[in-house]
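In case you want the letters, here they are:
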Amino acid sequence: MALSQEIFKKLKILTDAAKYDVACTSSGSSRRGTAGTMGNTVASGICHCFSADGRCISLLKILQSNECVFDCKYCSNRSSRDTPRATFTPEEIAELTISFYRRNYIEGLFLSSGIQNNPNYTMEQIYQTVVLLRKKYKFNGYIHVKAIPGADSLLIEKTGWLVDRMSVNLELATADGLKKLAPQKNRRKILTPMKQIQMGRRESLLLAGSSSLQPPSVREDTGYALQEAHPGSRFVPAGQSTQMIVGASGESDYEIIHVAEALYRQFDLKRVFYSAFINTTKDETLPDTSEKGPQLLREHRLYQADFLMRYYHFRAEEIITGDNPNLNIQIDPKCNWALNHLEQFPVEVQTADYRTLLRIPGVGVKSAGRIVAARKMGSLDYPSLKKFGVVLKRAMYFITCRGKMMIPIRLDKKFILANLLGLDEKLPVRITGGGYRQLSLLDMEQTEEMGNGERRMGGGML
């Protein structure tokens, strides 16, 4: 597909409009390529590129339209904002996705949209795009779309049988914040499709184990047959995710983390994404980020706390309390917890159970598993721990090995904190200001022009 000037203009507008949505990942879905289809999906994800502000982007990340009837104060696409508008048809997005896939630019699609006309119309446009990709183009690669709050449940259901992941953005952690900054939205409409996706996934798992059950989407009144649309489908197999904006409405880390924990427990979410607020609308009622920039370190600490809940068996009340409602910016949440619970240390790595090992700063999921496996065959020592991946410069303050510490250390909070603060923490690129950036559409165009020139000169690569 040769990009016309009109399509290329739309593409620049709608990829730029999508860059603030960080709920974008392909993890959790695995599907082999099959005869007669194009593409595949692997659980480990796809190739990544980076945006200018350091955010990791894995897919063709695009909006169906940046036209929106809502006027959310924090949104760069709000209806009252004077900004270039564009809208893709379902056929245009399908052709772009296949064209970019064939050129090896992308391996999947992340599709969201502003609310055109109404939620039902918007969800219908997204559904039609996915149907074209799966049925007409036989695209078997990864697709992640947004479920539009307020849309008819049948549209969300039909879309869910065709895609890998769906997400519904919670936007703000508190109902008060939503009422203040996005009065046209409400918490009930956002949580309704979340619950529907959760129940649909559970039904799908039951169906996978019983061929006698009929998929809920195969109903006479819809004329929609699951088997015709995407053979072997499961409902949203990669799960659902959501996104919360950090720093727009004055919410505390305590509120954000406890809301995230509730979402994981009540809606079986695979992932909560956190997005440091950037004041793109220049709204005077919102925090000014032009001088100090977005709260990227705070965002980073929230991700670390989130990992503690998802992989390290921490509860939200252990990570943060109402007495200290914001995370310690100086050190990571795990170290902060350990310093506030020194009565539980030092831990003897030769005898501690797996969950106790996970509580030690510098010990990760893999290294804790290696410790448990290795000590069945013999005793441990500090060189062994280092080989297992334990970060001893952190762990040395909190462990003993065969009853001995690595070096004589006082188990004192101020002493340990002073030494931990002296360590160089490896922060994400978006915080340190590294040189990575997203592969832009201009880069793609220039690369293709260079390739065409080489082929005309007889020097193109095979």
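The shown structure was predicted, so the numbers you read here are calculated from the model rather than taken from an experiment.

Colleague: How should the overall build of the protein be read in this particular structure?
Modeller: A count of helices and strands for the protein gives 18 helices and 10 strands. Contacts in the protein between residues far apart in sequence, at least 24 positions, make up 70% of those at least 6 positions apart.

Colleague: Got a minute to help me understand the packing of helix α3 (residues 119-136) against helix α4 (residues 153-160) in this structure?
Modeller: Pairs of packed helices are described in terms of their axes, by the angle between the two and the distance that separates them. In contact at an axis separation of 10 Å, α3 and α4 are set at 15 degrees when each is read in the N-to-C sense. By the angle between their axes, α3 is roughly parallel relative to α4. Considering the relative orientation of α3 and α4, their crossing is left-handed. For the pair α3 and α4, the contacting residues are Asn120, Met123, Glu124 and Tyr127 in the first and Leu155, Ile156, Lys158 and Thr159 in the second.

Colleague: Help me understand the pairing of strand β5 (residues 142-146), please; the structure alone is not making it clear to me.
Modeller: A regular strand places its side chains on the two faces of the sheet in alternate fashion. The element β5 is largely enclosed, with a buried count of 5 among its 5 residues. Neither face of β5 is exposed, since Tyr142, His144 and Lys146 on one face and Ile143 and Val145 on the opposite face are all buried. Pairing analysis gives 4 bridges linking strand β4 (residues 108-112) to β5, with the strands arranged parallel. Opposite Phe110, over in β5, you have His144 as the bridge partner. One crossover worth recording links β4 to the parallel β5 by way of α3, and it is right-handed. Of the pairings in the sheet, the one linking β5 to strand β6 (residues 165-167) comprises 3 bridges and is parallel in character. When the bridges of β6 are listed, Lys146 appears paired with Ser167.

Colleague: What should I look at first to understand the nonpolar core in this one?
Modeller: Nonpolar side chains in soluble globular proteins tend to end up buried together. Core analysis: the largest hydrophobic core is formed by 117 residues, its most contacted members being Tyr74, Ile360, Leu385 and Phe398. Element by element, the count of residues in this core is highest for helix α8 (residues 253-267), at 7 residues. Sequence-distant contacts of Phe398, defined by excluding residues within four places in its chain, comprise Ala338, Leu339, Leu342, Phe345, Pro346, Val347, Ile360, Pro361, Ile416 and Leu420.

Colleague: Sorry if this is basic, but what is going on with α4 here?
Modeller: Across the 8 residues that make up α4, a large majority, 6, are buried. For α4, the set of buried residues is Leu155, Ile156, Glu157, Lys158, Thr159 and Gly160. Tucked into the core, α4 has its buried residues touching α3, β5, β6 and α6 (187-208). Its side-chain oxygen at 2.8 Å from the backbone nitrogen of Leu154, Asp152 defines the N-terminal cap of α4.

Colleague: Can you help me understand the sheet that holds β4 in this one?
Modeller: Taken in spatial order, the 6 strands make up an open sheet running β3-β4-β5-β6-β7-β8, and their pairing is parallel. Edge positions in the open sheet fall to β3 (60-63) and β8 (271-276), since each of these has one partner strand only. Pairwise comparison of adjacent strand axes, ignoring direction, gives a mean angle of 20 degrees for this sheet.

Each value, and the rule that gives it
Residues numbered from 1 in each chain as written. Predicted model: local features only at pLDDT ≥ 70, side-chain atom pairs only at ≥ 80, totals over all residues. Heavy atoms only, no water. Helix = DSSP H or I, 4+ residues; strand = E, 2+ residues; numbered from the N terminus. Contact = heavy atoms within 4.5 Å. Axes fitted to C-alpha atoms, helices over the stretch in contact; angles between N-to-C directions. Parallel < 35°, antiparallel > 145°, perpendicular 65-115°, else oblique. Left-handed = near helix turned anticlockwise from the far one by under 90°. Buried < 20%, exposed > 50% of the residue type's maximum accessible area, 1.4 Å probe, protein only. Pairing = 2+ DSSP bridges. Right-handed = clockwise from strand over helix to strand, strands pointing away. Core = buried A, V, L, I, M, F, W, Y, C linked by side-chain atoms within 4.5 Å. Polar contact = N/O pair within 3.5 Å; in protein donor to acceptor, adjacent residues only side chain to side chain.

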